[in-house]
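# Descriptive structure summary
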Amino acid sequence: MRTPMLAGNWKMNKTIPEAVALAEALAKVEIPAGREAVVCPSFVCLVPVKKALGSSKIQLGCQNMHFEAKGAFTGETSAEMLKSAEVSHVIIGHSERRALFGETDAVVNRKVKAVLAAGLKVILCVGEVLAEREKGVQNDVVKTQLTGGLDGVPAADLARVIIAYEPVWAIGTGKTATPEDADAMHAFIRGTLAALANAQVAEATRILYGGSANDANIDSLMAKPNIDGALIGGAALKPESFTRMIQYKA
Ligand code: 13P
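These lines cover the structure that appears in this document, whether it is placed above or below. (Residues numbered from 1 in each chain as written. Predicted model: local features only at pLDDT ≥ 70, side-chain atom pairs only at ≥ 80, totals over all residues. Heavy atoms only, no water.)

## Focus: the overall build of the protein
For the protein, the count of helices and strands is 11 helices and eight strands. Taken over the C-alpha trace, the protein has a radius of gyration of 17 Å; the compact-globule value for 250 residues is 18 Å, and the two agree within 12%. Pairs at least 24 residues apart make up 72% of the contacts formed inside the protein by residues separated by at least 6 positions. Total accessible area on the protein is roughly 11,000 Å²; 56% of this is exposed by carbon and sulfur atoms. Computed over 27 positive and 26 negative side-chain charges, the separation of the two mean positions in the protein equals 3 Å. (Helix = DSSP H or I, 4+ residues; strand = E, 2+ residues; numbered from the N terminus. Rg over C-alpha atoms; globule rule 2.2 N^0.38 Å. Contact = heavy atoms within 4.5 Å. Areas by Shrake-Rupley, 256 points an atom, 1.4 Å probe, with all protein chains shown as cover. Lys, Arg positive; Asp, Glu negative; His and termini not counted. Charge placed at Lys NZ, Arg CZ, Asp CG, Glu CD.)

## Regarding the nonpolar core
Judged by nonpolar contacts, the single largest core of 69 residues is most densely connected at Ile163 and Ile189. Counting residues in each nonpolar core, the second largest holds 11 residues, with Ala7, Val38, Ile91 and Leu231 among its members. (Core = buried A, V, L, I, M, F, W, Y, C linked by side-chain atoms within 4.5 Å. Buried < 20%, exposed > 50% of the residue type's maximum accessible area, 1.4 Å probe, protein only.)

## Here we look at the packing of aromatic side chains
This structure, assessed with the given rule, holds one aromatic pair. Looking at Arg35, its charged tip hangs above the ring of Tyr248, at a distance of 3.6 Å from the centre. Lying over the aromatic face of Phe101, Arg97 brings its terminal NZ or CZ to 4.1 Å of the ring centre. (Phe/Tyr/Trp six-rings, centres within 6.5 Å; stacked < 30°, edge-to-face > 60°. Lys NZ or Arg CZ within 6 Å of the ring centre and 35° of its normal.)

Next up, the structure:
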C-alpha cells in the first residue's frame, strides 16, 4: 500500500508574509487519514512557514540542496542546515534546475545521495521535453534520468525516495498529460525501479505526477493505479485549490 502524497512546489514565489499567510490557511485544513501533504517554500520562508504550520500534519520540504556538507560554496544550502530548519523532504532534479542551472544526472545523483545520507527524503524529478515526446523517446529519457539519478543508491534507501514524473511540456503550460499517458509512464517507471532494485521496492515507491495538475483534474489523475500523488506548482499557491487537491475524491 502506497500512501498518497500531495506536494506543493512553491518555486520562487511568495515573500515571507505571503508564505506565512498561505501556511496559516493550510494549517486549518483537515488532512484526510492515509494521505500525506508537503509544502516546499523557498529557503528564506522555511522557518516562518514551519512555525505557521504549527501542529498541522503538513510536512516541510524544500526545492534544492547542495551535496557538500559545508564550506566555501557561496549561495548554497547544506543538509544539516535544512535539518535544523526541520525540513523532511528535498526536491532534487526539478526540470527547472536541470534546464536553467545546468544540473546533470551526475549532479542530481550526488544530491540524491547527500539527502539520503542525511536521513532526509528525496522527491526526485524526471521527465521529458516536448521534442523528446514528439520523437517518441520519452521512456528512454526518463530511464536515463532514473538510472543516473539513483546510481549507487542501495535498495534499502529507496524507501526514502519518491519519484515525481513531470513532463516538461506540461509544466506551467495548462497542458496536462492525460491520466492515461501519465499512468503509462508511471508504470514504465515502476518497471524500471524493479530492474534497478527489486519488485518489492518498485511496488512500494510512490510516483507523483506533476505538470498543470489542478483542482479540476486531480480526481481523474488519482483514479489511475500507478499515480500515487502530485507535485503541484501553480495550483499549490492558492489555499483553496491546494486544499481541494489534498481532499481529492478517491
Ligand atoms: P505547475 O503545476 O505549475 O505546472 O508546475 C509543476 C511543477 O513543476 C511542480 O514541480
